[in-house]
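Descriptive analysis of the structure
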Amino acid sequence: MNTLFWDRETETLTRPRLEQLQLARLQETVRRAALRVPFYQRALAEIGLKPDEVRSLADVQRLPLTTSDDLRSQYPAGLLAVPPDEPVRLHTSSGTTGKPKAIFFSKKDIDNAGELMARSLVATGVTRQDVFQNMMSYGLFTGGLMMHYGAEKIGCLVIPSGPGNSERQLMLMQDFGTTAAHILPSYALYFAGFLEQRGVDARRDLAWRKAFVGAEPYTEETREKIQQALGLKVFNSYGLTEMNGPGVAFECSHQCGMHLWEDHFLLEILDPKTGAPLPEGQCGELVLTTLQREAMPILRYRTRDITRLLPGPCPCGRTHRRVDRITGRSDDMLIVRGVNIFPQQIERVLMAHPQIGRNYVIVLEGLDDLTVQVELAPAAFDGNVEHVADLQHQLTEKLKAELWVRPTVNLVPAGSMPVAEGKARRVIDKRSL
Ligand code: AMP
Ligand code: ZN
């Protein structure tokens, strides 16, 4: 395969050279944080660490961790390391409750975010010939804007369609020959159903061949389902507002884990309970330190996202290490009747089943009652109620074997459940309301 690069030199730096670069940038970041950010000044003083004591990459472990609560506590001024009139952009990351986290960007930071996006897209084979439909929200959410800049840098024709309005999305795709799109996994599943309903065969009738899918967790089974339904390749895209948004880690054309751009982010995988570093291959919490952030450097940010480092080099030749698909967040584990359950375990069972459709929700209520409501595949209902009862029984048993808890499975017709324009809410826990 002919591998394309946006920034070949940086993307293929030898490991010693890359690590040398990381160390110099880490030292500079800590120096600036200690000098300019009162929050870090205090945190470093508390542990008695001076910036010039950071002498190796391993010394990152001596630095204080930053949590999302820390960022919230600094709202609205943020952890600014530049004069207040220097940033040119504000994005916020919403939590479930309370104030959001305010993340500021300088001109250079915005430019860097666009560079990383361009790098990521080119790694999947995007070129200036592509017509790029950006089906993500534009606004405070970084997903829309940052991806937009990357695609424009490459020279694609960018269609900033935003999410929703499937009718219009389809019209744009047909009229302008969209070849690549950025889309949420939940919306991609829904959109596949919409096309089917319209009698549009994506393989035959559309030029759409690549989808960049991320911003919320999804399983390998879901990737497969989207690829099959739309006849295209799905590339996993990972990012978070605190670290620029999308373009932190991205799959290359080999689709085997996401290259995390290590010249911009120093990565650690830690045991979420003890904070101890975990060896390659072991799942833990991804912790990231910005290495080139001007406006708002962040040290050792606890992303809460659970993943692992994949061993070995990637056939594409990039030297930046790969992280596996995010299997969930350390805070999205559900405890049902004393058993630990991750929503993704449920999604895996559902999406692997051919008679199951594309939308689902997990509801917890009463005294630990677990209900999985899920749409049937469009062709699955033949009018025979017994067949549905049979399928319901099958699924209940499959889920019970996976979860060790018996759920109630509620099968509903294809297309009957609502679809959010933003990230899907997959778990409704009424127990804590
Ligand atoms: P936001 O700051 O609103 O963009 O949300 C960032 C969060 O979305 C991350 O911390 C992850 O929990 C989640 N996320 C983003 N991309 C992915 C992905 N490819 N797979 C799983 N979760 C993701
Ligand atoms: Zn690769």
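Fair warning: this is a prediction, and the values are worked out from it, not measured in the lab.

With that out of the way, let us pick up helix α7 (residues 166-176). Taken residue by residue, α7 has Ser-166, Gln-169, Leu-170, Leu-172 and Met-173 as its buried positions. The buried residues of α7 all sit within an arc of 160° when viewed along its axis, so they share a single face. Against the buried residues of α7 lie β3 (131-134), β4 (157-159) and α8 (185-197). Looking one or two places after α7, you find Gly-177, whose phi comes out positive at around 65°.

Glancing now at the coordination of the zinc ion (ligand 2). Here the zinc ion (ligand 2) is held by the protein donor atoms Cys-252 (SG), His-259 (NE2), Cys-314 (SG) and Cys-316 (SG), which lie 2.1 to 2.3 Å from it. Note that the zinc ion (ligand 2) binds four donor atoms; their angles at the metal cover 101 to 118°, and the shape is tetrahedral. As a motif over one chain, the donors of the zinc ion (ligand 2) read C-x6-H-x54-C-x1-C. Of this pair, His-259 sits in strand β9 (residues 258-260) while Cys-314 sits in the loop between β12 (301-307) and β13 (322-323); the two residues are 55 residues apart in sequence, bridging distant segments of the chain.

Not every one of the 17 residues close to ligand 1 is listed here, only the nearest: Asn-236, Ser-237, Thr-241, Asp-305 and Lys-423. Note that a nitrogen atom of ligand 1 is positioned 2.9 Å from one of the side-chain N or O atoms of Asn-236. In the model, an oxygen atom of ligand 1 is placed 2.9 Å from a nitrogen or oxygen of the Lys-423 side chain. Surface burial for ligand 1 is 91%, taken as the share of its 500 Å² of free accessible area covered by protein chains. Here the shell around ligand 1 gets five residues from one element, more than from any other, and that element is strand β7 (residues 233-240). Considering only residue class, the shell around ligand 1 consists of six nonpolar, six polar and five charged.

The end-to-end C-alpha distance of helix α5 (residues 107-123), which contains 17 residues, comes to 24 Å, matching closely the 24 Å that a straight helix rising 1.5 Å per residue would cover. Taking burial as the measure, the 17 residues of α5 include 13 buried ones, the bulk of the element. In the stretch just after α5, Gly-125 is the one whose phi turns positive, near 105°.

Attention now moves to the sheet that holds strand β10 (residues 265-270). Spatial strand order, β10-β11-β12-β14: four strands in an open sheet with antiparallel pairing. The open sheet terminates on both sides in strands that have one partner only, identified here as β10 and β14 (328-329). Relative to β12, strand β11 (residues 284-290) runs antiparallel, the two being bridged by four bridges. Note on β12: the bridge partner recorded for Glu-285 is Ile-306.

A few words on the environment of Leu-13. By secondary structure assignment, the location of Leu-13 is in the loop between α1 (8-11) and α2 (15-36). Given a relative accessible area of 13%, Leu-13 falls into the buried group. Taking the C-alpha atoms as reference, Leu-13 lies 35 Å from Pro-84; in sequence the two are 71 residues apart. Look past the residues within four positions of Leu-13 in its chain and what remains in contact with it is Leu-18, Leu-21 and Thr-319.

Enumeration according to the criterion identifies 29 salt bridges in this entry. Arg-15 is the salt-bridge partner of Glu-19, the closest N and O atoms lying 3.2 Å from each other. Taken as a pair, Glu-19 and Arg-15 lie in helix α2 at a separation of four residues, close to a single helical turn. Exposure remark for Glu-19: the relative accessible area of 34% places this residue in the partly exposed category. One salt bridge in this structure joins Glu-220 and Arg-325, with 3.0 Å as the shortest N-O distance. On the criterion of sequence distance, the pair formed by Glu-220 in helix α10 (residues 220-230) and Arg-325 in the loop between β13 and β14 is long-range, its members being 105 residues apart. The exposure class assigned to Arg-325 is buried, which follows from its relative accessible area of 11%.

With that settled, consider the side chain of Gln-133. Among the structural elements, Gln-133 can be located in strand β3. If sequence neighbours within four positions are ignored, Gln-133 has contacts with Ile-159, Ser-161, Gln-169, Leu-172, Met-173, Thr-178, Ala-180, Ala-181 and His-182.

Rules of the game
- Residues numbered from 1 in each chain as written.
- Chains lettered and ligands numbered in written order.
- Predicted model: local features only at pLDDT ≥ 70, side-chain atom pairs only at ≥ 80, totals over all residues.
- Heavy atoms only, no water.
- Buried < 20%, exposed > 50% of the residue type's maximum accessible area, 1.4 Å probe, protein only.
- Helix = DSSP H or I, 4+ residues; strand = E, 2+ residues; numbered from the N terminus.
- Arc of directions from axis to C-beta.
- Contact = heavy atoms within 4.5 Å.
- Donors = N, O, S within 2.8 Å, 3.2 Å for Na, K, Ca; no water.
- Tetrahedral: all angles 85-135°; square planar, octahedral: opposite > 155°, others 65-115°.
- Near = heavy atom within 4 Å.
- Polar contact = N/O pair within 3.5 Å; in protein donor to acceptor, adjacent residues only side chain to side chain.
- Areas by Shrake-Rupley, 256 points an atom, 1.4 Å probe, with all protein chains shown as cover.
- Nonpolar A, V, L, I, M, F, W, Y, C, P; charged D, E, K, R; others polar.
- Expected span 1.5 Å × (residues − 1).
- Pairing = 2+ DSSP bridges.
- Salt bridge = Lys/Arg side-chain N within 4 Å of Asp/Glu carboxyl O.

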